[in-house]
Amino acid sequence: QTTAIGLQLAVKAKDWADNHSGVATWEGYSKLHVEIIEAKGLLPASGGGARYPFCDVLCRGTKFKTAVVRRTLNPTWKQSFSFSPLDGIDEDDEVQIIVR
């Protein structure tokens, strides 16, 4: 199960700029926060066995993973992850959330 979310909804504070020392800074820039709350009605594991679901959250090569929730088809994670301009994201990118 995969969900893609366009980053057009992410608000950018201003354009990227370098500071006086020539080192890029992202102070004052918006980050994209993704919160994984829950899943409901997942299919049982093949063979009808128990599931140990988790989510992968991916954008432009940056990957986060939720905790594994044991033996459930209705997991609750309530975990947050943040992508920043340092991850190379922009409004044309997509965040992929994959429940495994």
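Remember, it's a predicted structure, so these values are computed and weren't measured experimentally. Along each chain, numbering runs from 1 in the same order as the chain's sequence is written. In keeping with the model being predicted, local features are shown solely for residues with a pLDDT of at least 70 and side-chain atom pairs are shown and tallied solely at 80 or more, while totals for entire chains, interfaces and linings include all residues. Note that water and hydrogens are dropped before the side-chain values are worked out from all heavy atoms of the structure.

Draft legend 1. Examining the confidence of the model for the protein chain more closely. How sure the predictor is of each residue is captured by pLDDT, a score from 0 to 100. When pLDDT is averaged across the protein chain, the result is 75; 69% of the residues are at 70 or more. Low pLDDT (under 50) marks residues 1-22, which in the prediction has 51 contacts with non-local residues, meaning those over four places away or in another chain. In what follows, a contact means two residues having at least one pair of non-hydrogen atoms within 4.5 Å.

Draft legend 2. Structural context of the pattern of salt bridges. Salt bridges, as used here, are contacts in which a Lys or Arg side-chain nitrogen is within 4 Å of a carboxyl oxygen on Asp or Glu. The final tally for this structure, using the stated rule, is 2 salt bridges. Linking Asp56 and Lys63 is a salt bridge whose minimum nitrogen-to-oxygen distance equals 3.9 Å. Put simply, Asp56, Lys63 and Arg100 are held in one network by salt bridges that share partners.

Draft legend 3. Summary view of the packing of aromatic side chains. Pairing of aromatic rings covers Phe, Tyr and Trp, the last through its six-membered ring, and needs centres within 6.5 Å; plane angles under 30 degrees mean stacked, over 60 mean edge-to-face, and all others mean tilted. In total, this model carries 2 aromatic pairs according to the counting rule given. For the ring pair Phe64 and Phe81, a centre distance of 5.1 Å and an interplane angle of 25° mean the geometry is stacked. Residue Phe64 is found in strand β6 (residues 62-65), and its partner Phe81 is found in strand β7 (residues 76-83); the two are separated by 17 residues along the sequence. Note on exposure labels: buried denotes an accessible area under 20% of the residue type's maximum, exposed denotes more than 50%, and partly exposed covers the range between, all computed with a 1.4 Å probe on protein chains only. Judged by its relative accessible area of 24%, Phe64 falls in the partly exposed class. By relative accessible area, Phe81 is classed as buried at 10%. Residues Phe64 and Phe83 carry aromatic rings whose centres are separated by 5.2 Å and whose planes lie at 75° to one another, so their mutual orientation is edge-to-face. One end of the pair, Phe64, is in strand β6; the other, Phe83, is in strand β7, and 19 residues separate them in sequence. These aromatic residues form a ring-pair network of at least three members: Phe64, Phe81 and Phe83. Looking at Lys65, its charged tip hangs above the ring of Phe54, at a distance of 4.4 Å from the centre. Counting from the N terminus, the helices are DSSP H or I runs at least four residues long and the strands are E runs at least two residues long. Any Lys NZ or Arg CZ found within 6 Å of a ring centre and within 35 degrees of that ring's normal is scored as a charge over the ring.

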